[in-house]
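Chain by chain, the residues run as shown.
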Amino acid sequence: MMTRNSKVLRMAAAFVAALALLPCQAQQAQLAEVKATAEEAYLYGFPMIVGYDVMYKFFIDRNSGQFKAPINTLNNEARVFTPKDTAISTPNSDTPYSMAMLDLRAEPMVLCMPEIEKARYYDVQLVDLYTNNYGYMGSRTTGNGAGCYLVSGPEWQGEKPPGIAKSFRSETQFGLVLYRTQLFNPADMDKVKKIQAGYKLQPLSAFLGKPAPPAAPAIDWPKLTPEMFTTGFAEYLDFLLQFSPPTGSAAVEKPMREKFAALGIGADRKALPKTPSPEAKAAIGEGVKAAFAKIGATAEGVGTTVNGWQIGSAAGSRDFYKGNWALRAAAAKLGIYGNSEAEAVYPFTRSDANGIVLDGSKHTYQMTFAPGQLPPVNAFWSITMYDGRTQLLIDNPINRYLVNSPMLQDMKKNPDGSLTLFIQRDSPGKDKESNWLPAPDGPMFVVMRLYWPKDDAPSVYPLGKGSWKPPAIVPVRNLNALAVTRFGDKSLENIVRTDERYGHDGVFQGPRGWAYWNHLEYPKPIQNPNLWPDTQST
């Protein structure tokens, strides 16, 4: 029987135990908050750090091997990207690029365009440090006529001067300007060079013929390290945010950045211990890991799957993202500095018509556009092949990294007017090489680019639900089997056919059926000896 004293003693003991738990519970809550903040900060900062990696190699480090030009200097490249270009994943090999890194701290910059023939597409894309697309010039937006445009930083308070057709305001003090100029064929390169020579970039003071303002302070740019994408991300994000004030349209980020201060990020950063506790380090690491997983999942889930292709948009303006940092980070992972969907749409795939990973070491593939069903665009389209692991262009015997609409005149159509592309590692034969898109000896990543898509049907819009749909990539030949040619896995041929190596033993005669065939087509790494013999590979 419990006495009153024993009840009191038990209550006191429970109270003491609860008090002992409070610090532990408070610590756990604090660590959970650190993890959540680290995850959000990494999602937010990942594209900025990817962008810094590109800008550092292109415009800051003269010894990077990929240096283009000093800051505020336009670099014209009268060539297209090749496998040697590794600074940007999924590089565009359609168009020769012109590009510059803009420093808008001291004064605005003025971009002048020459008159460009109407048949030639070009676009000029403005991107800030956040990797938001904040403005466009070119065929779709401003036309192919000559004109000058002003780009200012977030603090500039001046008025648009005479001679300026339009002005753009960057939310950040640094940014990029990317020019894409259509190349019709290799013999067209001299005309592209002439157009590029007509692109002009100069400070506003030079445009107006006035003295230049005082120069902005010099910057000690942090060198690139492997840790910038892992344990050191906070240091790089903190560096970049000093040029990205939360003012104007970026003011909505103030509450979030106040939270980042707990990690030592931002102007209001708090002094952190020189050696954070192991628990705090682990919490930050877990946050980064969670963020990276979310970026990957978001990238794989961009848009809607149509015939194996993912059709959606991951690149755009601040209004497009609406605070979806995971989507902005996914855009950087898929291919940083992509166009907004009105300028270009990028269907991509890693899978064949059956959802199996595309692999040039295992299969040959075909992709057929039905008559009258080529991609509907106002400008041009292309299909580019990348290494599935690195998302970089691949070396191949004919130095062809893509097929595009300007090549149509040299391609061979089928008797019914359809167009078949041969997607494979080795040549399909001299008579078919005009339609060959070389593939890597391993996993593939295939990206379609539709420049200035049409709004009227057939159209890719609305994305994922448009009246035009890209054809599936269909497996044709299994490179791991002898004398086997087929179209897809769902034909009757796959159910009844085997090749000459099998079916000649005394017990199991004849074709072995779908179970064996499917196992041969997509073998498992380790065979199970207990399987019915029909599914064994020899």
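For clarity, every value in this text was computed on a predicted model and none was experimentally measured. (Residues numbered from 1 in each chain as written. Predicted model: local features only at pLDDT ≥ 70, side-chain atom pairs only at ≥ 80, totals over all residues. Heavy atoms only, no water.)

## Details of the sheet that holds strand β20 (residues 474-478)
- With respect to topology, four strands assemble into an open sheet ordered β18-β17-β14-β20, the strand pairing being mixed. Only two strands of the sheet have a single partner each, and these edge strands are β18 (436-438) and β20. Neighbour to neighbour, the strand axes of the sheet diverge by 25° on average, direction disregarded.
- With five bridges connecting them, strand β14 (residues 363-369) and strand β17 (residues 419-424) associate as antiparallel partners. When the bridges of β17 are listed, Thr-368 appears paired with Thr-420. (Pairing = 2+ DSSP bridges. Helix = DSSP H or I, 4+ residues; strand = E, 2+ residues; numbered from the N terminus. Axes fitted to C-alpha atoms, helices over the stretch in contact; angles between N-to-C directions.)

## Looking at the pattern of salt bridges
- Scanning the model with the defined rule gives 18 salt bridges in all.
- The residue Arg-120 makes a salt bridge to Glu-117 at a minimum N-O spacing of 3.2 Å.
- Residue classification places Glu-117 among the partly exposed residues on the basis of a relative accessible area of 38%. (Salt bridge = Lys/Arg side-chain N within 4 Å of Asp/Glu carboxyl O. Buried < 20%, exposed > 50% of the residue type's maximum accessible area, 1.4 Å probe, protein only.)

## Considering the sheet that holds strand β3 (residues 109-113)
- Strand order in this open sheet of four strands is β7-β6-β3-β9, and the pairing throughout is mixed. Strands at the two margins of the open sheet, each flanked by one partner only, are β7 (166-169) and β9 (200-203). Ignoring strand direction, the axes of neighbouring strands in this sheet form an average angle of 25°.
- The sheet contact formed by strand β6 (residues 147-152) and β7 spans four bridges and is parallel.

## Topic: the packing of helix α6 (residues 278-300) against helix α8 (residues 325-335)
- Interhelical geometry of α6 versus α8 gives an angle of 75° and a closest axis separation of 8 Å. It follows that α6 is roughly perpendicular to α8 by the angle criterion. For the pair formed by α6 and α8, the contact residues are Lys-294, Ile-295, Gly-296, Thr-298 and Ala-299 on the first element and Ala-326, Leu-327, Ala-329, Ala-330, Lys-333 and Leu-334 on the second.
- By residue class, the composition of the contact of α6 with α8 is seven nonpolar, two polar and two charged. (Parallel < 35°, antiparallel > 145°, perpendicular 65-115°, else oblique. Contact = heavy atoms within 4.5 Å. Nonpolar A, V, L, I, M, F, W, Y, C, P; charged D, E, K, R; others polar.)

## Overview of the packing of aromatic side chains
- The final tally for this structure, using the stated rule, is 28 aromatic pairs.
- When the centroid spacing of 5.8 Å and the interplanar angle of 35° are considered together, the rings of Tyr-42 and Phe-46 count as tilted. With Tyr-42 and Phe-46 both in helix α1 (residues 4-60), this residue pair falls four residues apart, about one helical turn. Phe-46 carries the same exposure label as Tyr-42, and that label is buried.
- Aromatic pair Tyr-52 and Tyr-236: ring centres 6.2 Å apart, planes at 50°, arrangement tilted. (Phe/Tyr/Trp six-rings, centres within 6.5 Å; stacked < 30°, edge-to-face > 60°.)

## Describing the state of the cysteines
- All chains considered together, the criterion is met by one disulfide.
- Disulfide pairing places Cys-112 opposite Cys-148 at an S-S distance of 2.1 Å. When the S-S torsion is 110°, as for the bridge of Cys-112 with Cys-148, the disulfide is right-handed. One end of the pair, Cys-112, is in strand β3; the other, Cys-148, is in strand β6, with 36 residues separating them in the sequence. (Disulfide = S-S within 2.5 Å.)

## Examining the side chain of Ser-313
- Position of Ser-313 relative to the elements: it lies in the loop between β11 (309-311) and α7 (318-321).
- At a separation of 3.3 Å, a polar atom in the side chain of Ser-313 contacts the main-chain carbonyl oxygen of Ala-315.
- Residue contacts for Ser-313: discarding those within four places in its chain leaves Val-302, Phe-320, Leu-327, Glu-341 and Leu-463. (Polar contact = N/O pair within 3.5 Å; in protein donor to acceptor, adjacent residues only side chain to side chain.)

## Description of the pairing of strand β19 (residues 444-451)
- Most of β19 sits inside the fold, with eight of its eight residues counted as buried.
- The alternating pattern of β19 places Met-444, Val-446, Met-448 and Leu-450 and Phe-445, Val-447, Arg-449 and Tyr-451 on opposite faces, both of which are buried.
- Where strand β12 (residues 344-345) lies against β19, two bridges are found, and the strand directions are antiparallel. Following the sheet pairing, Val-345 is matched in β19 by Leu-450.

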